[in-house]
Amino acid sequence: ASIVRGSAAEVPEVSWDDIGGLHEVKKRLQQAVEWPIKHGDALARLGIRAARGVLLHGPPGCSKTTLAKAAAHSSQATLFSLSGADLYSMYVGEGEALLRDTFRQARLAAPSIIFFDEADAVASRRGIGESGSSGSGSDTSVGEKLLSTLLTEMDGLELAQGVLVLAATNRPQAIDAALMRPGRFDSVLYVPPPDKESRLEILRVHTRRTTLANDVGLEVVADSTECFTGAELAGLCREAVMAALRESLASNTDSNVICKRHFDSARNGTRASLSP
Ligand code: ATP
């Protein structure tokens, strides 16, 4: 089938510097991820229990996945990815098997991070509609079985040093309270949409490898992209490059400089998805 199975397993090549803005989130995540993995013994001596899970929440396209990759990279941890929506749509029993198997592999590969995207699809508060399902009895029990498997696996991490679960959701209020108990998802971090300063940093990240003409003011672009997500800003930069490329192909010049007009044309073709 076309289901994307839990994908193993590599140390990603994304660093904290590839993420614009979010300084506080990066700092908190760095502590939650790097300290237990790098200084696990010291924490244990001090009697401090390392976090087993961190829940990231915020609107789509604002770098929750990228944060997980950077966290894994900075601690040289192997990153395993799971999607709640994928697990939910599998045949009965398959989702639980994949969950258990991913946790097993993560323990073997420690230090490792399990990134659990769209967590609300399986971790929804019992009884409320999961994943937009029709709420039929069998759908509910699929979600409950996955949730109880997840709880068992999270609790099993106690003895496995160096495995951290990073879950992401756009609907934190839907997450089952059982997951939020101490020792499971201890920290909850809000990943906000970018403000103007962060938009500027994101634009800088995504134009690092391009040559900008003097007439390009990234501050002006940042100003004119209110309500853009990080993903949309990345798309805007890609579009500006494409506009410049089209122009140089059409005029048979070999210029790869990106000018203000290319950003203008990209801006005109892109709509913001967030509302104020
Ligand atoms: P979703 O909830 O839809 O899965 P997400 O919050 O996980 O979204 P990402 O997948 O991490 O978002 O972001 C998508 C793309 O947008 C990234 O590959 C990256 O190029 C860009 N992006 C988003 N936020 C930032 C940022 N703060 N700095 C740099 N690039 C960003």
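Note: the structure precedes this text.
Remember, it's a predicted structure, so these values are computed and weren't measured experimentally. (Residues numbered from 1 in each chain as written. Predicted model: local features only at pLDDT ≥ 70, side-chain atom pairs only at ≥ 80, totals over all residues. Heavy atoms only, no water.)

S.K.: Can you tell me about the side chain of Asp-176, naming the residues and giving the values?
M.R.: Structurally, the position occupied by Asp-176 is in the loop between β5 (163–169) and β6 (185–190). Relative accessible area serves as the criterion here: at 6%, Asp-176 is assigned to the buried category. Reaching out from Asp-176, the side chain makes a polar contact with the backbone nitrogen of Ala-178 at a distance of 2.8 Å. (Helix = DSSP H or I, 4+ residues; strand = E, 2+ residues; numbered from the N terminus. Buried < 20%, exposed > 50% of the residue type's maximum accessible area, 1.4 Å probe, protein only. Polar contact = N/O pair within 3.5 Å; in protein donor to acceptor, adjacent residues only side chain to side chain.)

S.K.: If you had to explain the site of the ligand to someone new, which residues and values would you point to?
M.R.: Taken together, 17 residues lie near the ligand, and Gly-20, Gly-61, Thr-65, Thr-66 and His-206 sit nearest. At 2.9 Å from an oxygen atom of the ligand is found a main-chain nitrogen or oxygen belonging to Lys-64. Compared with its free state, where it exposes 630 Å², the ligand has 76% of that area covered by protein. Contributing elements (two or more residues each) for the shell around the ligand: α2 (64–74), α7 (196–206) and α9 (230–250). (Near = heavy atom within 4 Å. Areas by Shrake-Rupley, 256 points an atom, 1.4 Å probe, with all protein chains shown as cover.)

S.K.: Report on the nonpolar core, specifying residues and quantitative values.
M.R.: Within soluble globular proteins, side chains that are nonpolar tend to cluster in buried spots. If you look at the biggest cluster of nonpolar residues, it comprises 28 residues, and the most contacted ones within it are Leu-87, Phe-116, Leu-150 and Leu-179. The set of elements that each furnish at least two residues to this core consists of β3 (78–83), α3 (84–88), α4 (94–109), β4 (112–117), α5 (120–123), α6 (137–156) and β5. The leading source of residues in this core is α6, at five residues. Leu-22, Val-25, Val-54 and Leu-189 belong to the second largest nonpolar core, which has 25 residues in total. (Core = buried A, V, L, I, M, F, W, Y, C linked by side-chain atoms within 4.5 Å.)

S.K.: Explain the environment of Arg-104 residue by residue, including any values.
M.R.: Within the secondary structure layout, Arg-104 lies in helix α4. Judged by relative accessible area, which is 41%, Arg-104 ranks as partly exposed.

S.K.: A description of the packing of α9 against helix α10 (residues 260–268) should follow, citing residues and the corresponding values.
M.R.: It is the contact of α9 with α10, at a shortest axis distance of 8 Å, that shows an interaxial angle of 120°. Taken together, the axis directions place α9 and α10 in an arrangement best described as oblique. Relative to α10, the crossing made by α9 is right-handed. In this structure, α9 uses Leu-236, Cys-237, Glu-239, Ala-240, Ala-243, Ala-244 and Glu-247 to contact α10, whose residues at the interface are Arg-261, His-262, Phe-263, Ser-265, Ala-266 and Arg-267. Residues that form the contact of α9 with α10 fall into these classes: seven nonpolar, two polar and four charged. (Axes fitted to C-alpha atoms, helices over the stretch in contact; angles between N-to-C directions. Parallel < 35°, antiparallel > 145°, perpendicular 65-115°, else oblique. Left-handed = near helix turned anticlockwise from the far one by under 90°. Contact = heavy atoms within 4.5 Å. Nonpolar A, V, L, I, M, F, W, Y, C, P; charged D, E, K, R; others polar.)

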